[in-house]
Amino acid sequence: MIHHRRGLLAAALVAAALPLAALAQPAAWPSKPIKIVVPYPPGGSSDIIARAISQPLSEALKQPVIVENRPGANGNLGADMVAKSAPDGYTILLCDVGALAISPSVYTKLSFDPSKDLRGVTMLAYSPHLLVVHPSVKANNLKELIALSKTGDLNFAVTATGSAPHLAGVALERASGAKWTYVPYKGGVQAIQDTVAGQTQVLMNGMLATLPQVQGGKLKVLGVSKATRMPLIGDVPTIAEQGVPGFESGTWQGVVMARGTPDAIVQRLNKELISVIRSADIRSRLAGQGAEVVTMSPTEEEAFFNKERARWAAVVKAADIRLD
C-alpha cells in the first residue's frame, strides 16, 4: 500500500510539472508573422526582390511575411532598427549588402556596427550597375561621355550619398578622368525619375530597377559594370572594355538579422530563402530584369561583407567622403 501511494504521489508530481516544463520550452519558430524590413523607398532593387519572395516564403514557413519599407540615412535607419530588434528571427533585413558594408567608412557616427550587430543569412541576387544617360545627352559610349563631361556641366544622379552607385560613380570618375557634379537623392527611384525627366543627365544604378526605363526608351545605356557583356541589353559593352580595366560594381541583395539569433533559426531561414529564390518562377523573373540569383551560406555572406567593407573603404578614403 505504501509503495502504491508513493507511486501515485510521484505520478502526480510529474503531471503537475508538465505544464511548467512546456512553458519553459521556446515556441517552435516561426509561430507568428515575420517582418522583412527594406531600408529604402518602394520600387528599388531590394524592394522588388522582397515583394517577389514574400508570398512563397510565407507559404514555406506557414506564417504571414510582411514587407515594411523603412527608408532613411542611406538604408541605415532600417538597418539600425533590425540590428536593435529582438534576436528571435521575426525581424529580418533585406538590403544591398554592399551598401551596408560601405556605411562604416562613410558615416562618422553610426548608431550600430554592421559587423557586430548583424549576422548574415544568405545572399539572394546580384544586379550589375548600368551607366545610363538621358537620351538628349550627345554621347553613345563611355569615351564620348568622358569627353563631353570635360566641356560642360553634367549632373550625376546619386541614389544616396555614400551608396554603392555613388561610390561606383566616384571610382569611374577617378579612373576615367570624367568630370561631373553629384546630385544626391534619398533613393534610387527618385534618382531614376529625375534622370528620365532630364533634370540630371548621368546615372549609375542597379540593373534590376533601371532596365525598364532603358527598355522603354526613356534612358540610354552606355555601359554595364560587369566582367562580361549581357545579352539582355544587346551589344552594350562593359565599362571595363571601354578603357577602365577590371571595373566591376553592382548591387548585392541579401538578408541579415540581429546578432544573437539562434543558429537553428538562421539555418532554417537560409534553407527556405535559397529554395524560394532559386525557384524557376522567381529566377526567370529576375533574369528577365537583369538580376542573377546568387546564394551563400551565412558564413560566406559575412566573408563577402568584410571583403566589400575593405574594398570600398579605400574608395571612400581616396574620395574623402564623410557624413555625420
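Predicted model, so just to flag it, every value in this text is computed and none were measured.

Q: Explain the overall build of the protein to me, please; I cannot follow it from the model alone.
A: Counting its secondary structure elements, the protein contains twelve helices and ten strands. Within the span of the protein, comprising 324 residues, buried residues form 52% of the whole. Taking the intrachain contacts of the protein between residues at least 6 apart in sequence as the baseline, contacts between residues at least 24 apart amount to 79%. Total accessible area on the protein is roughly 14700 Å²; 56% of this is exposed by carbon and sulfur atoms. Distance from the positive charge centre (32 side chains) to the negative charge centre (25 side chains) of the protein: 4 Å.

Q: Please clarify how the pattern of salt bridges should be interpreted in this entry.
A: Opposite charge on two side chains permits pairing when their charged atoms draw close. Taken as a whole and assessed by the stated rule, the structure comprises eleven salt bridges. Between R259 and E302 there is a salt bridge, with the nearest N and O atoms lying 3.4 Å from each other. In this pair, R259 sits in the loop between strand 9 (250–258) and helix 10 (263–277) while E302 sits in helix 12 (residues 298–319), placing the two residues 43 residues apart along the sequence. A relative accessible area of 35% means that R259 is categorised as partly exposed.

Q: Please clarify how the environment of E301 should be interpreted in this entry.
A: Tracing the sequence through the fold places E301 in helix 12. A sequence separation of 180 residues divides E301 from V121, and the C-alpha atoms of the two residues are 7.1 Å apart. Discounting chain neighbours no more than four positions away, the residues touching E301 are V97, G120, V121, T122, M123, G254, V255, V256 and M296.

Q: Looking at this model, I keep getting lost on the nonpolar core. Mind explaining?
A: Soluble globular proteins: nonpolar side chains tend toward being buried together. Counting residues in hydrophobic clusters, the biggest one holds 51 residues, and the most contacted among them are I36, I49, I53, L269 and L286. Discounting chain neighbours no more than four positions away, the residues touching I53 are I36, L94, L124, L273, V276, I277 and I282.

Q: Just checking my understanding: could you explain the side chain of S127 for this structure?
A: With respect to the helices and strands, S127 occurs in strand 4 (residues 118–133). Taking relative accessible area as the criterion, S127 reaches 1% and is therefore assigned buried. Polar side-chain contacts of S127 include one of 2.8 Å to the backbone nitrogen of M207. With residues near it in sequence (within four places) discarded, S127 still touches G206, M207, L208, G250, T251, G290 and A291.

Q: Help me understand the pairing of strand 2 (residues 65–69) in this model?
A: Each regular strand carries side chains that alternate between the two faces of the sheet. What you see with strand 2 is a clean split: V65, V67 and N69 sit on the buried side and I66 and E68 on the side with no burial. As paired elements, strand 1 (residues 34–38) and strand 2 share five bridges and run parallel to each other. In the sheet register, K35 faces strand 2, and the bridge partner there is I66. Between the parallel elements strand 1 and strand 2, the chain passes through helix 2 (residues 45–61) in a crossover that is right-handed.

Q: Whenever I open this one, unusual backbone geometry confuses me. Can you help?
A: Generally, phi is negative for residues other than glycine and the peptide bonds are trans, each holding for most cases. Each neighbour pair has its own omega, and for W29 with P30 the value is -5°, a cis peptide bond. Examined against the element boundaries, P30 turns out to sit in the loop between helix 1 (2–24) and strand 1. The phi angle at K62 is positive, at roughly 60°, despite the residue not being glycine. For K62, the location among the structural elements is in the loop between helix 2 and strand 2. Residue class for K62 comes out exposed when judged on its relative accessible area of 70%. Positive phi, close to 55°, is recorded for A73, a residue that is not glycine. Tracing the chain through its elements places A73 in the loop between strand 2 and helix 3 (76–83). Given a relative accessible area of 47%, A73 falls into the partly exposed group.

Q: When you look at helix 8 (residues 188–196) in this model, what are you seeing that I'm missing?
A: Since the α-helix packs 3.6 residues into each turn, any two residues three or four apart lie on the same face. Turning to helix 8, its buried residues number three or more, namely A191, I192, D194 and T195. Angular distribution of buried residues about the axis of helix 8 spans 165°; they occupy a single face of the element. Following helix 8 by one or two positions, G198 adopts a phi angle in the positive range, close to 85°.

Q: Is there a simple way to explain the pairing of strand 5 (residues 155–158) in this structure?
A: Where strand 5 meets strand 6 (residues 181–184), four bridges bridge the pair, whose relative direction is parallel. Looking across to strand 6, one finds that V158 is bridged to P184. Assessed by its sense of winding, the connection that carries the chain from strand 5 through helix 7 (residues 164–176) to strand 6 is right-handed. Sheet topology places strand 5 next to strand 7 (residues 202–206); two bridges connect them, and they run parallel. By the bridge assignment for strand 7, F156 is matched with V202.

Q: Just to check I follow, could you spell out helix 9 (residues 207–215) for this structure?
A: Those residues of helix 9 that sit buried are M207, L208, A209, T210, L211 and V214. Residues of helix 9 that are buried sit in contact with helix 2, strand 4, helix 8, strand 7, strand 8 (220–224) and helix 11 (280–287). Following helix 9 by one or two positions, G217 adopts a phi angle in the positive range, close to 75°.

Q: Help me understand the packing of aromatic side chains in this model?
A: Aromatic rings considered in pairs are described by the distance between their centres and by the relative angle of their planes. Applying the stated criterion to the full structure yields five aromatic pairs. Their ring planes at 35° and their centres at 5.2 Å tell us that F156 and W180 sit as a pair that is tilted. Separated by 24 residues along the polypeptide, F156 in strand 5 and W180 in the loop between helix 7 and strand 6 bring together distant segments of the chain. With centroids separated by 4.8 Å and ring planes inclined at 55°, the aromatic side chains of W252 and F304 adopt a geometry described as tilted. Here W252 is found in strand 9, whereas its partner F304 is found in helix 12, with 52 residues between them in sequence.

Scoring rules and cut-offs
Residues numbered from 1 in each chain as written. Predicted model: local features only at pLDDT ≥ 70, side-chain atom pairs only at ≥ 80, totals over all residues. Heavy atoms only, no water. Helix = DSSP H or I, 4+ residues; strand = E, 2+ residues; numbered from the N terminus. Buried < 20%, exposed > 50% of the residue type's maximum accessible area, 1.4 Å probe, protein only. Contact = heavy atoms within 4.5 Å. Areas by Shrake-Rupley, 256 points an atom, 1.4 Å probe, with all protein chains shown as cover. Lys, Arg positive; Asp, Glu negative; His and termini not counted. Charge placed at Lys NZ, Arg CZ, Asp CG, Glu CD. Salt bridge = Lys/Arg side-chain N within 4 Å of Asp/Glu carboxyl O. Core = buried A, V, L, I, M, F, W, Y, C linked by side-chain atoms within 4.5 Å. Polar contact = N/O pair within 3.5 Å; in protein donor to acceptor, adjacent residues only side chain to side chain. Pairing = 2+ DSSP bridges. Right-handed = clockwise from strand over helix to strand, strands pointing away. Arc of directions from axis to C-beta. Phe/Tyr/Trp six-rings, centres within 6.5 Å; stacked < 30°, edge-to-face > 60°.

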